[in-house]
Amino acid sequence: MENRTDKNSYTILFAIGMVLIVGALLAFVASSLKPNITENKRIEKQQNILYAMGVNENEEGSANFISTDKVADEFTKYITKQIVITNGTQAEENSEAYLIDVKKEQSKAKSGGERRLPLFIGEKEGKTYYIAPIRGKGLWDAVWAYVAMDKNMVVQGAYFDHQGETAGLGANIKERFFMDDFIGEHLLDASGNFVGINISKSNADPLNKDKTDNEVDAIAGATITGDGVSAMLRSDLKLYVPYFKTLKN
Amino acid sequence: MGLLSRKDSKLILDPLADDNPITIQVLGICSALAITAQLKASIVMAISVLFVLGAGNVVISLIRNIIPSKIRIIVQLTVVAALVIIVDQVLKAFSYQLSKELGAFIGLIITNCIIMGRFEAFALGNGPWRSFLDGIGNALGYGVILIIVGFFRELLGSGTLLGFKVLGDPIAKTGLYSIGYENNGFMLLAPMALIVVGVIIWVQRTRNKALIED
């Protein structure tokens with residue numbers, strides 16, 4: 001006798017029922033957790049921005065953000081101004097500039113639209129930091145960063161992150177030994193032209209003493225991630241050059 | 001064991017040694033290569049698989065009599081995928097830093113053939129309690145190998161364990177590094193995971209000759 005569960009009609013009904021139940025369950029889980037997740041992402045952005053300008057709880061060798069309960073206060077304390085740059089030089093103040101999705105702005109630019117460039121201006125111990133969010137491609141997925149610069153486009157700090165680079169290799173871009181190498185590096189060459197910072201495998205300066213060579217030492221085994229980071233720094237930070245020129249005048 | 005009958009405790013203990021999913025059944029090799037460059041990732045992957053396999057085996061076992069046999073693989077896949085998405089979302093909501101560190105690994109649980117393998121081989125033919133034990137046992141057996149491989153790869157590849165510099169500082173040349181020791185960067189690449197797994201298989205079969213197939 002044919003088994004009840006072998007019938008086509010039963011199979012189809014079962015499939016429909018399963019899809020409805022699983023779909024409803026996942027939709028319920030996703031929508032009930034969504035506020036928490038959005039909040040976590042917002043806090044993380046603030047932590048990243050503060051990290052880049054040196055407001056963090058770093059211990060020796062490890063990168064630690066400022067704790068989540070303090071981040072909102074510290075953010076308002078240190079970030080004095082948030083601006084959105086359009087047309088290269090027009091700056092407009094916008095207190096929610098940090099919520100601008102760089103990925104969306106990039107795809108807007110690709111389809112011919114205009115890309116808004118958020119820039120966060122922070123003050124710490126009398127020094128002014130200009131922090132730019134940038135985004136690019138690593139080996140497996142997206143890489144992004146928050147780069148804090150002074151008005152001469154000398155890097156003052158950087159926070160790198162990634163979606164899915166290889167653990168132990170490309171994923172090391174978010175380790176201190178890599179990120180700290182950027183501090184003090186120049187993005188411009190001696191005559192003031194933008195060149196970016198190259199993640200170099202043939203770097204003759206592994207201890208990173210030469211801060212004007214526009215190079216930092218690459219991570220062994222993470223060539224494509226490194227190239228992606230170089231390309232991201234080059235293409236995204238370049239867009240900020242016209243604005244930084246206006247700061248000098 | 002007072003808590004479990006001998007038959008039940010076999011379900012947990014067998015996969016830990018003589019019926020290990022990785023070294024004997026040769027399942028789940030892919031994730032054993034991908035994520036064992038660091039001990040921490042190995043541990044978290046082991047825990048996540050423990051949850052997904054334990055819960056998944058129970059779910060499949062509960063509905064085993066009403067699953068249409070023609071689409072049972074799809075049903076199993078849906079159950080794994082749903083559980084993995086729930087784990088991912090819960091981690092994102094309540095332990096954001098951890099979920100960031102795991103990144104793609106959580107999603108990769110779906111592709112772990114141990115899970116589908118246990119659904120198909122065990123949960124479809126056994127009750128929920130025994131299926132639960134079988135799931136836990138196999139996940140532990142998988143986790144043990146992952147942690148052993150992760151231990152050696154992180155120790156020899158980066159000179160650290162869970163991020164702590166146990167062998168000294170390679171840049172400042174302290175500890176072992178002061179006498180000329182160097183990290184073996186090759187350990188961080190996937191092929192070395194296979195070699196470590198191979199060594200474990202070799203040791204295990206040398207100790208128990210009954211495991212050697214013709």
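If you're wondering where the values come from, they're calculated on a predicted model, not measured in any experiment.

### Points about the environment of Ile71 of chain B
Working step 1: Within the secondary structure, Ile71 of chain B sits in the loop between helix H3 (39–62) and helix H4 (72–94).
Working step 2: You can call Ile71 of chain B buried: its relative accessible area is 16%.
Working step 3: Measuring from C-alpha to C-alpha, the distance between Ile71 of chain B and Val84 of chain B comes to 20 Å, with 13 residues separating the pair along the chain.
Working step 4: When sequence neighbours within four positions are dropped, the list of residues in contact with Ile71 of chain B reads Thr11, Phe14 and Ala15 of chain A.

### Things to note about the interface of chain A and chain B
Working step 1: Each side of the interface is counted separately: chain A has 29 residues, and chain B has 27 residues.
Working step 2: In this assembly, chain A packs against chain B so that about 2500 Å² is buried in total across both faces, 67% of it on carbon and sulfur atoms.
Working step 3: Summed over the shared surface of chain A and chain B, the number is zero salt bridges.
Working step 4: Inspection of the chain A/chain B interface yields five residue pairs in polar contact (both at pLDDT 80 or more).
Working step 5: Tallying contributions element by element places helix H1 (residues 8–52) of chain A first for the side of chain A that touches chain B, with 18 residues.
Working step 6: Taken together, the residues that form the side of chain A that touches chain B break down as 15 nonpolar, eight polar and six charged.

### Let's talk about helix H6 (residues 241–248) of chain A
Residue and element names in this part refer to chain A.
Working step 1: Considered for burial, the residues of H6 that qualify are Val241, Tyr243 and Phe244. On an axial view of H6, the arc spanned by its buried residues comes to 160°, and they lie on one face.
Working step 2: In this structure, the buried side of H6 is in contact with strand E1 (79–86), strand E2 (90–93), strand E3 (117–124), strand E4 (127–137), strand E5 (142–149) and helix H5 (223–238).

### Here's the deal with the UniProt feature "modified residue: FMN phosphoryl threonine" (unreviewed entry) in chain A
Residue and element names in this part refer to chain A.
Working step 1: Residues given the UniProt feature "modified residue: FMN phosphoryl threonine" (unreviewed entry) here are Thr223.
Working step 2: Residue position: Thr223 is located in helix H5.
Working step 3: Residue classification places Thr223 among the partly exposed positions, given a relative accessible area of 32%.

### Focus: the pairing of E2 of chain A
All names here are of chain A.
Working step 1: Sheet topology note: the E1/E2 ladder contains four bridges and is antiparallel. Within the sheet, the bridge partner assigned to Val84 lies in E2 and is Glu92.
Working step 2: Counted along the chain from E1 to the antiparallel partner E2, the turn is three residues long, and its residue Asn87 has a positive phi close to 55°.

### Quick word on the environment of Ser230 of chain A
All names here are of chain A.
Working step 1: Mapped onto the elements, Ser230 comes out in helix H5.
Working step 2: Along the sequence, Ser230 and Tyr159 sit 71 residues apart, while their C-alpha atoms lie 14 Å from each other.
Working step 3: Among residues more than four places away in sequence, those in contact with Ser230 are Ile197, Asn198 and Ile199.

### A few points about the side chain of Thr36 of chain B
Residues and elements named next belong to chain B.
Working step 1: Mapped onto the fold, Thr36 is located in the loop between helix H2 (29–34) and H3.
Working step 2: In terms of polar contacts, Thr36 uses its side chain to reach the side chain of Arg153, at 2.6 Å.
Working step 3: The contact partners of Thr36, leaving out residues within four places of it in the chain, are Ser42, Leu146, Val149, Gly150, Arg153 and Ala193.

### A look at the UniProt feature "transmembrane region" (unreviewed entry) in chain A
Working step 1: Within this structure's numbering, the places UniProt gives as "transmembrane region" (unreviewed entry) are residues 12–33 of chain A.
Working step 2: In residues 12–33 of chain A, the share of helix is 100% and the share of strand is 0%. The end C-alpha atoms are 31 Å apart.

### What to know about the UniProt feature "transmembrane region" (unreviewed entry) in chain B
Residue and element names in this part refer to chain B.
Working step 1: UniProt marks residues 43–63, 75–96, 102–119, 131–152 and 185–203 with the feature "transmembrane region" (unreviewed entry), using the numbering shown here.
Working step 2: End C-alpha to end C-alpha, residues 75–96 measures 30 Å, and it is 95% helix and 0% strand.
Working step 3: Here residues 185–203 runs as 74% helix and 0% strand, with 24 Å between its end C-alpha atoms.

### A look at the sheet that holds E4 of chain A
Residues and elements named next belong to chain A.
Working step 1: Strand order across the open sheet formed by six strands is E2-E1-E3-E4-E5-E6, with antiparallel pairing between neighbours. At either margin of the open sheet sits one strand with a lone partner, and together these are E2 and strand E6 (155–162). The mean inter-strand angle of the sheet, taken between neighbouring strand axes irrespective of direction, is 25°.

### Focus: the environment of Ile29 of chain B
All names here are of chain B.
Working step 1: Structurally, Ile29 can be placed in helix H2.
Working step 2: For the pair Ile29 and Trp202, spaced 173 residues apart in sequence, the C-alpha separation works out to 16 Å.
Working step 3: Setting aside residues no more than four positions away along its own chain, Ile29 makes contact with Ile22, Leu194 and Val197.

### Comments concerning the side chain of Thr225 of chain A
Residues and elements named next belong to chain A.
Working step 1: Following the sequence through the fold, Thr225 ends up in helix H5.
Working step 2: Of the residues examined, Thr225 reaches a relative accessible area of 3% and is grouped as buried.
Working step 3: Those residues in contact with Thr225 that lie beyond four places of it in its chain are Gly138, Leu139, Glu165, Gly170 and Ile173.

### So, helix H7 (residues 113–121) of chain B
Residues and elements named next belong to chain B.
Working step 1: Of all the positions in H7, only Ile114, Ile115, Met116, Arg118 and Phe119 are classed as buried.
Working step 2: Looking at the buried residues of H7, the elements they touch are H3, H4 and helix H8 (128–158).
Working step 3: Residue Asn112 occupies the N-cap position of H7, its side-chain oxygen lying 3.0 Å from the main-chain nitrogen of Ile114.

### Section: the confidence of the model for chain B
Residues shown with low pLDDT carry predicted positions that ought not to be read at fine detail.
Working step 1: Scored by pLDDT, chain B comes out at a mean of 84, with 97% of its residues at no less than 70.
Working step 2: Looking over chain B, one finds the lowest element-wise mean pLDDT in helix H5 (residues 96–102) of chain B, namely 75, and the highest in H8 of chain B, namely 90.

### A closer look at the pattern of salt bridges
Opposite charge on two side chains permits them to pair, given that their charged atoms come into close proximity.
Residue and element names in this part refer to chain A.
Working step 1: Per the counting criterion, the structure on display carries twelve salt bridges over all chains.
Working step 2: Notably, a salt bridge pairs Glu105 with Arg116, separated by 2.9 Å at the nearest N-O pair. Residue Glu105 is located in helix H3 (residues 102–110), and its partner Arg116 is located in the loop between H3 and E3; the two are separated by eleven residues in the primary sequence.
Working step 3: Three or more residues joined by partner-sharing salt bridges are found here, namely Glu105, Lys108 and Arg116.

### Here's the deal with a nonpolar patch on the surface
Working step 1: A cluster of nonpolar side chains, contributed by Leu13, Leu16, Leu140, Val144, Ile148, Phe151, Phe152 and Leu156 of chain B, occupies part of the molecular surface with about 580 Å² of accessible area.
Working step 2: With six residues, the top contributor of residues to the nonpolar patch is H8 of chain B.

Reading the values: rules and limits
- Residues numbered from 1 in each chain as written.
- Chains lettered and ligands numbered in written order.
- Predicted model: local features only at pLDDT ≥ 70, side-chain atom pairs only at ≥ 80, totals over all residues.
- Heavy atoms only, no water.
- Helix = DSSP H or I, 4+ residues; strand = E, 2+ residues; numbered from the N terminus.
- Buried < 20%, exposed > 50% of the residue type's maximum accessible area, 1.4 Å probe, protein only.
- Contact = heavy atoms within 4.5 Å.
- Buried area = accessible area lost by both parts, 1.4 Å probe.
- Salt bridge = Lys/Arg side-chain N within 4 Å of Asp/Glu carboxyl O.
- Polar contact = N/O pair within 3.5 Å; in protein donor to acceptor, adjacent residues only side chain to side chain.
- Nonpolar A, V, L, I, M, F, W, Y, C, P; charged D, E, K, R; others polar.
- Arc of directions from axis to C-beta.
- UniProt positions renumbered as here; feature names shortened; annotations may be inferred.
- Pairing = 2+ DSSP bridges.
- Axes fitted to C-alpha atoms, helices over the stretch in contact; angles between N-to-C directions.
- pLDDT = per-residue confidence, 0-100.
- Patch = residues over 30% accessible without salt bridge, like charges linked within 9 Å, V, L, I, M, F, W, Y side chains within 5 Å.
- Areas by Shrake-Rupley, 256 points an atom, 1.4 Å probe, with all protein chains shown as cover.

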